[in-house]
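# Architecture and fold: a report
The primary structure of each chain is shown beneath.
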Amino acid sequence: MKKPIVVNEKNAHPFSAHEAVPEVPGQPIATTRLGAAPIPPGEGAIAGIWECTPGVFRRQIEKREFCHFIAGHCFFTPDGGDAVEIRAGDSAYFPANCEGVWDVRESITKSYVIVD
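Remember, it's a predicted structure, so these values are computed and weren't measured experimentally. (Residues numbered from 1 in each chain as written. Predicted model: local features only at pLDDT ≥ 70, side-chain atom pairs only at ≥ 80, totals over all residues. Heavy atoms only, no water.)

### Let's talk about the pairing of strand 6 (residues 84–87)
In terms of strand pairing, strand 5 (residues 64–78) meets strand 6 through four bridges, oriented antiparallel. Counterpart to C74 in the pairing with strand 6 is I86. Where strand 5 hands over to strand 6, the hairpin turn is made up of five residues, of which G80 adopts a positive phi near 80 degrees. (Pairing = 2+ DSSP bridges. Helix = DSSP H or I, 4+ residues; strand = E, 2+ residues; numbered from the N terminus.)

### A word on unusual backbone geometry
What is expected of a backbone is that most residues other than glycine have negative phi and most peptide bonds are trans. Positive phi outside glycine occurs at N97, with the angle close to 60 degrees. Within the secondary structure layout, N97 lies in the loop between strand 7 (91–94) and strand 8 (100–115). Take N97: its relative accessible area is 53%, and that puts it in the exposed class. (Buried < 20%, exposed > 50% of the residue type's maximum accessible area, 1.4 Å probe, protein only.)

### Re the nonpolar core
Grouped together as the largest cluster of nonpolar side chains are 17 residues, with contacts concentrated most on W50, F69, C74, F94, W102 and V104. Elements represented by at least two residues in this core include exactly strand 3 (45–52), strand 5, strand 7 and strand 8. It is strand 8 that contributes the most residues to this core, five residues altogether. When residues no more than four places from it in sequence are discounted, the contact partners of C74 are F69, V84, E85, I86, W102, D103, V104, R105 and I108. (Core = buried A, V, L, I, M, F, W, Y, C linked by side-chain atoms within 4.5 Å. Contact = heavy atoms within 4.5 Å.)

### Structural notes on the packing of aromatic side chains
Taken as a whole and judged by the stated rule, the model has six aromatic pairs. Seen from their ring centres, F69 and W102 are 6.3 Å apart, and the 50 degrees between their planes marks the pair as tilted. Here F69, found in strand 5, pairs with W102, found in strand 8; they are 33 residues apart in sequence, far enough to count as distant. With respect to burial, F69 and W102 carry one shared label: buried. Three or more aromatic residues joined by ring pairs make a cluster, and in this case those are W50, F57, F69, F76, F94 and W102. Looking at K110, its charged tip hangs above the ring of W50, at a distance of 4.8 Å from the centre. (Phe/Tyr/Trp six-rings, centres within 6.5 Å; stacked < 30°, edge-to-face > 60°. Lys NZ or Arg CZ within 6 Å of the ring centre and 35° of its normal.)

### Focus: the pairing of strand 4 (residues 55–58)
Only one face of strand 4 is covered, namely the face carrying G55 and F57; the face carrying V56 and R58 is uncovered. The pairing of strand 4 with strand 8 spans four bridges and is classified as antiparallel. When the sheet's bridge partners are listed, R58 is paired in strand 8 with V101.

### Concerning the pattern of salt bridges
Taken as a whole and judged by the stated rule, the model has seven salt bridges. Between E65 and R59 there is a salt bridge, and its shortest N-O distance comes to 2.8 Å. Summarising the burial analysis for this pair, E65 and R59 share the class buried. The shortest N-O distance in the salt bridge between D116 and K63 comes to 2.8 Å. (Salt bridge = Lys/Arg side-chain N within 4 Å of Asp/Glu carboxyl O.)

### Side note on the side chain of E65
In this fold, E65 is placed in strand 5. For E65, a relative accessible area of 2% translates into the label buried. The contacts of E65, once residues within four sequence positions are left out, are R59, A92, Y93, F94, K110, Y112, V113 and I114.

This is the structure in structure tokens:
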């Protein structure tokens, strides 16, 4: 029987310590926390919490991503497209190879699942 994996601060699967996100030089500052009970190998996904301070930078994830914005305000402009405004309470799906520029106006906290 398959059942969901719940990752939160209150159960036996706390998040890891904050880790710097590579290749985001200077400002903004971005960190990620992965769940201590990661999605099992072979499922093709990872989940965690991503936080970022205000600034402008290119999106670095090439895989598919679903995320829910817990706090903050930003714009994402896909290459060749119009800016999309995202606020706390919004959810978003980024298809594979969705490249573009983040413009974080108010520090962001989002939960995410990245799928191979």
